[in-house]
Number of protein chains: 2
Amino acid sequence: MKFDRIIYNGFVVTVNPDFQIIENGVVGIKDGIIQFVEARKKDITLYDAGDAIDAQGGIIMPGLVNAHAHLPMSIFRGLADDLPLAQWLNEYIFPAEQKHILPETVRIGSLLSCAEMIMSGTTTCCDGYFYEDDVANAVFETGLRAVCAQGVIDFPAPGVADPAKNIATAVAFVEKWKNRSSLLTPSIFCHSPYTCSEETLKQAKKAADSLGVRFQIHVAETQFEFNQSMETNGKSPVEYLDNLGIINENTIVSHAVWVNEKEIEIIADQKAKIVHCPESNMKLASGIAPIPEMIEKGISVGLGTDGCASNNNLDLFAEMDSAAKLHKVFKSDPTVMAAKLIVKMATIEGAKAIGLGDSIGSLEPGKQADIIIIDTNKPHLTPMYHPESHLVYAANGADVSDVFVAGRALMRNYVPVYLDVKDVMHKAKSIGLAIKQNHATIT
Amino acid sequence: MKFDRIIYNGFVVTVNPDFQIIENGVVGIKDGIIQFVEARKKDITLYDAGDAIDAQGGIIMPGLVNAHAHLPMSIFRGLADDLPLAQWLNEYIFPAEQKHILPETVRIGSLLSCAEMIMSGTTTCCDGYFYEDDVANAVFETGLRAVCAQGVIDFPAPGVADPAKNIATAVAFVEKWKNRSSLLTPSIFCHSPYTCSEETLKQAKKAADSLGVRFQIHVAETQFEFNQSMETNGKSPVEYLDNLGIINENTIVSHAVWVNEKEIEIIADQKAKIVHCPESNMKLASGIAPIPEMIEKGISVGLGTDGCASNNNLDLFAEMDSAAKLHKVFKSDPTVMAAKLIVKMATIEGAKAIGLGDSIGSLEPGKQADIIIIDTNKPHLTPMYHPESHLVYAANGADVSDVFVAGRALMRNYVPVYLDVKDVMHKAKSIGLAIKQNHATIT
């Protein structure tokens, strides 16, 4: 067989079920699919490949999976920080969204996020926002892989002034994008149990099930939400949603901070998926999700950055580092959330959570060739005793030199291939300037 | 006056007492000293300067101050992680130190750390280790600014087999380096109250006071240390040390995790300085230092990375991010540890803590020209509403493009000027390989 491309001369962190790390490994790709992953057996010229990429002793690994993001919100990156949640939302984020979230801002914000993801090693993201068709088109343009969901909320939303039309809009989005591209999987995203009625939640979930797509929702993010749910519904957010039939194997539950042992049991029994967003939860002071307990129960837990208004970047390396360290200090136990587990969360577990576990998340024959190379020829990655340790505790997104999705190079030697990053940044800066001029509160 | 150099076309984050940020600012330098910091008043060619550096719209700010580090330990970066503290120390770090800490390893580890610091915007560090003369020589070679301290411990230590000679060795180090270079300030570092006897502590502190140098010590890092102190001394670590006259304005207390309200009062009353190492404290599960309470009491709190065996990098941008987020989530309050405060900790407050507050830590006329430029022409730093937000929540060390210490360029346009980084990495890798081969426990 003639291969399209091989990648060699690196530590291949396969993230296969044994978490095998192959020193001096070779990965062979044909038609966008991984054909083999092996320790180098012969001279590189004897591998029959159209292109041979030298990883120069770095790390070759699956592309990272950002399992919870709101791509267009990068346009609000750092608009307001360090504020009480209500003030942050009501005085900054909601007014800015109402005024500035239009198809073109969504498009530019999404492209900006894609540029950031490509340049920091994320090859797949799971997004939920409004004007999602514009998000999907932007993502599609960049060559990244994504699960995209049109948001559903019982308030007038950007692009959907009448909440009664939210579900129909979301369904139309799924129908449009289903089977359109192997890289783009549509989904439905209900904002939360406190912003969607019982009826909306049930209808949206029913629609997702009948369309055969993942259902995403923010659940139990803050103590305020938990308390409100107890008052209004007499049940916690998880119990309330479980009662409505929302919590099952096709549901992606983001945040899940305020959940107790019993609720973890529910999530585990129903095989629902969790996305942990430690940096957002820390920055907004939402709380600390009981992730070690969830993993103990066999729940698939992916990692997400959340939107850039509350993080403020899309760097999954930073997210890995925070996820590991936060739980160690919180549990007073340095052994929890060890490096290999964290790398799995950012790859295969995230892939499973968003419904793509069979096709991405590890370097194994038959899987999609979503691959990144980490350049370890840097002082902060020298020496290297354990590749997974560097990935979690020492590296950052800027160490990613090469990015492939379905075998196609999106970045080579630090230079994005297709995307005109300068143009995107220029447009994002113009939008940022307009936002700044419109908000007297920004000083 | 003809200036040696001006830096222009950037947001100057002065970190002066008003935390003034000057858009389109210009900084003028002569003889290594900042001469002026102003909003641009005229065509750049009309500033009479030998060299004019265009910051290209980025951030111009004081070089970062890493107020607690053990530079040679970068050679053990990622040697072992995710282990119980005792196992980590006894099975990995102590054996590795005993076998491999020799002058040449100390030299290469220090140069490696200096390379990492230069490339991530740290212009000053405060170090404590053994073979400190080799550390100091290495730092001196790179052009960085540092406070260096020879370690004192009541055990056989690298280079000082007989503990009885520890204080004399430390004193000799101070005498050798005092007044030798304006960039290098010697100091004395007692490891901790549990590894140094009462007599050692008192003698070392007396020596530091009579030599007029800062006294550094790890205090109340772990609960184990706190409990042991209560059992052995009938007092907490802070009370015990205060009783010995150790806690005063010339003392740098690192970690200070297990301190209560009363002990914070002692530290504040005695005007001792604190160095907060959030990432080390998180990774080793040591605990969460009551930093907001200390700052409330007017204590100078700097930021430190600790050694690379417990972090695992020297990136103060990551440390800033973690410091902000950790305390927000721990206090359930997103308003604590706001971005401006965090930037101060990484600059002027760290400078004050290590005794250099009058000469570095802010961009003000008369201060040393220790300056870095952050390149914000990147997707993850676009758009920019508030420079300090990006510094804390979005940037990382790899965004630093230019570094100056006392007006001298140590990095220009991402390329270190003096240091042969490739050669240092090559040597560090060889040492790493030897360490790996000598430790059967490393798999």
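Residues numbered from 1 in each chain as written. Chains lettered and ligands numbered in written order. Predicted model: local features only at pLDDT ≥ 70, side-chain atom pairs only at ≥ 80, totals over all residues. Heavy atoms only, no water.

**Digging into the interface of chain A and chain B**
Contact with chain A, which involves 63 residues of that partner, is made by 63 residues of chain B. Roughly 5,000 Å² is buried in total at the junction of chain A and chain B, and carbon and sulfur atoms are behind 62% of that figure. Taken together, chain A and chain B are joined by four salt bridges. A salt bridge links B:Lys325 to A:Glu279; the nearest nitrogen and oxygen atoms lie 3.3 Å apart. Along the contact surface separating chain A from chain B lie 32 residue pairs in polar contact (both at pLDDT 80 or more). Residue assignment for the side of chain A that touches chain B shows that the elements contributing at least two residues are α2 (103-119), α9 (278-283), α11 (316-331), α13 (387-394) and α14 (421-438) of chain A. Of all the elements, α14(A) adds the most residues to the side of chain A that touches chain B, at seven residues. Its residues placed into classes, the side of chain A that touches chain B shows 31 nonpolar, 18 polar and 14 charged. (Contact = heavy atoms within 4.5 Å. Buried area = accessible area lost by both parts, 1.4 Å probe. Salt bridge = Lys/Arg side-chain N within 4 Å of Asp/Glu carboxyl O. Polar contact = N/O pair within 3.5 Å; in protein donor to acceptor, adjacent residues only side chain to side chain. Helix = DSSP H or I, 4+ residues; strand = E, 2+ residues; numbered from the N terminus. Nonpolar A, V, L, I, M, F, W, Y, C, P; charged D, E, K, R; others polar.)

**A closer look at the sheet that holds strand β9 (residues 215-219) of chain A**
All names here are of chain A. Ordered in space as β5-β6-β7-β8-β9-β10-β11-β12, the eight strands form an open sheet in which the pairing is parallel. Edge positions in the sheet fall to β5 (64-69) and β12 (301-303), since each has one partner strand and no second. In this sheet, neighbouring strand axes are inclined to one another by 25 degrees on average, regardless of whether the strands run parallel or antiparallel. In terms of strand pairing, β5 meets strand β6 (residues 122-129) through four bridges, oriented parallel. Paired with Ala-69 across the bridge in β6 is Asp-127. (Pairing = 2+ DSSP bridges. Axes fitted to C-alpha atoms, helices over the stretch in contact; angles between N-to-C directions.)

**Examining the domain arrangement of chain A**
All names here are of chain A. Looking at the assigned domains, one finds that chain A contains domain 1 (3-62 + 361-412) and domain 2 (64-353). The interface is formed by 27 residues belonging to domain 1 together with 28 residues belonging to domain 2. A combined buried area of about 2,200 Å² lies between domain 1 and domain 2, and 71% of that area is made up of carbon and sulfur atoms. Across the domain 1-domain 2 interface, the total number found is one salt bridge. (Domains from an automatic or database assignment.)

**Regarding the pairing of strand β4 (residues 52-62) of chain A**
All names here are of chain A. Pairing of strand β1 (residues 5-13) with β4, which is carried by six bridges, proceeds in the parallel orientation. If you follow Val-12 over to β4, its bridge partner there is Ile-60. Where β4 lies against strand β13 (residues 371-374), four bridges are found, and the strand directions are antiparallel. Considered in β13, the bridge of Ile-59 is made with Ile-374.

**Digging into the sheet that holds strand β16 (residues 415-416) of chain A**
Residue and element names in this part refer to chain A. An order of β3-β2-β1-β4-β13-β14-β15-β16 is seen for the eight strands of this open sheet, with the pairing classed as mixed. Either end of the sheet is taken by a strand with one partner, and the two such strands are β3 (33-39) and β16. When strand β14 (residues 400-405) meets strand β15 (residues 408-412), the two strands line up antiparallel, connected through three bridges. From the neighbouring strand, Val-403 faces β15, where its bridge partner is Met-411.

**Things to note about the relation of the copies chain A and chain B**
Rotating chain A by 180 degrees and moving it 0.0 Å along the rotation axis overlays it on chain B with an RMSD of 0.0 Å. The two molecules are tied by a two-fold rotation axis, judged by turn and shift. Rotation axis and chain A: the residue whose C-alpha lies nearest the axis is A:Ala398, separated from it by 3.2 Å. Interface residue correspondence from chain A to chain B reaches 100%, placing this contact among same-surface, isologous pairings. (Least-squares fit on C-alpha atoms with pLDDT ≥ 70 in both.)

**Some words on the packing of α2(A) against helix α3 (residues 132-142) of chain A**
Residues and elements named next belong to chain A. Orientation of α2 relative to α3, taken along the N-to-C sense of each, is 35 degrees, at an axis distance of 8 Å. At the point where α2 passes α3, the crossing takes the right-handed sense. Mapping the contact onto sequence places Pro-103, Val-106, Arg-107, Ser-110, Leu-111, Cys-114 and Ile-118 in α2 and Asp-134, Val-135, Ala-138, Val-139, Glu-141 and Thr-142 in α3. A class-by-class count of the residues in the contact of α2 with α3 yields eight nonpolar, two polar and three charged. (Left-handed = near helix turned anticlockwise from the far one by under 90°.)

**Focus: helix α13 (residues 387-394) of chain B**
Because an α-helix completes one turn every 3.6 residues, residues spaced three or four positions apart along the sequence face the same direction. Burial analysis of α13(B) places eight of its eight residues in the buried class, which makes it a mostly covered element. Of the positions making up α13(B), those classed as buried are B:Pro387, B:Glu388, B:Ser389, B:His390, B:Leu391, B:Val392, B:Tyr393 and B:Ala394. (Buried < 20%, exposed > 50% of the residue type's maximum accessible area, 1.4 Å probe, protein only.)

**A look at empty space enclosed by the protein**
Inspection of every chain in the model, using the stated rule, returns four cavities of 30 Å³ or more. Approximately 240 Å³ is the volume found for the largest cavity. Looking at the largest cavity, it is lined by 25 residues, and the ones nearest its centre are A:Ala318, A:Asp321, A:Asn396, B:Ala318 and B:Asn396. Looking at the lining of the largest cavity, the elements with two or more residues in it are α11 and α13 of chain A together with α11 (316-331) and α13 of chain B. The dominant element in the lining of the largest cavity, judged by the number of residues it contributes, is α11(B), at five residues. In terms of residue class, the lining of the largest cavity is built from 11 nonpolar, six polar and eight charged. There is about 50 Å³ of room inside the second largest cavity. Surrounding the second largest cavity, A:Asp81, A:Asp82, A:Leu83, A:Trp88, A:Lys283, A:Leu284 and B:Pro334 form its lining. (1 Å grid on protein atoms, 1.4 Å probe; cavity = no way out; pocket = protein on both sides within 12 Å on 5 of 7 lines; lining within 4 Å. Points joined across faces, edges and corners; volume = space filled by probe spheres on them.)

**Describing the pattern of salt bridges**
Across all of its chains, the model carries 42 salt bridges over all chains by this definition. Here A:Arg5 ties to A:Asp51 by a salt bridge, and the two come within 2.9 Å at their closest N and O atoms. In this pair, A:Arg5 sits in strand β1 while A:Asp51 sits in the loop between β3 and β4, placing the two residues 46 residues apart along the sequence. Residues B:Lys41 and B:Glu38 are paired through a salt bridge, measuring 3.4 Å at the closest nitrogen-oxygen approach. Residue B:Lys41 is classed as exposed on the basis of its relative accessible area of 67%. Relative accessible area serves as the criterion here: at 16%, B:Glu38 is assigned to the buried category. Each member of the salt-bridge network shares a partner with another, and the members are A:Glu104, A:Arg107 and A:Glu141.

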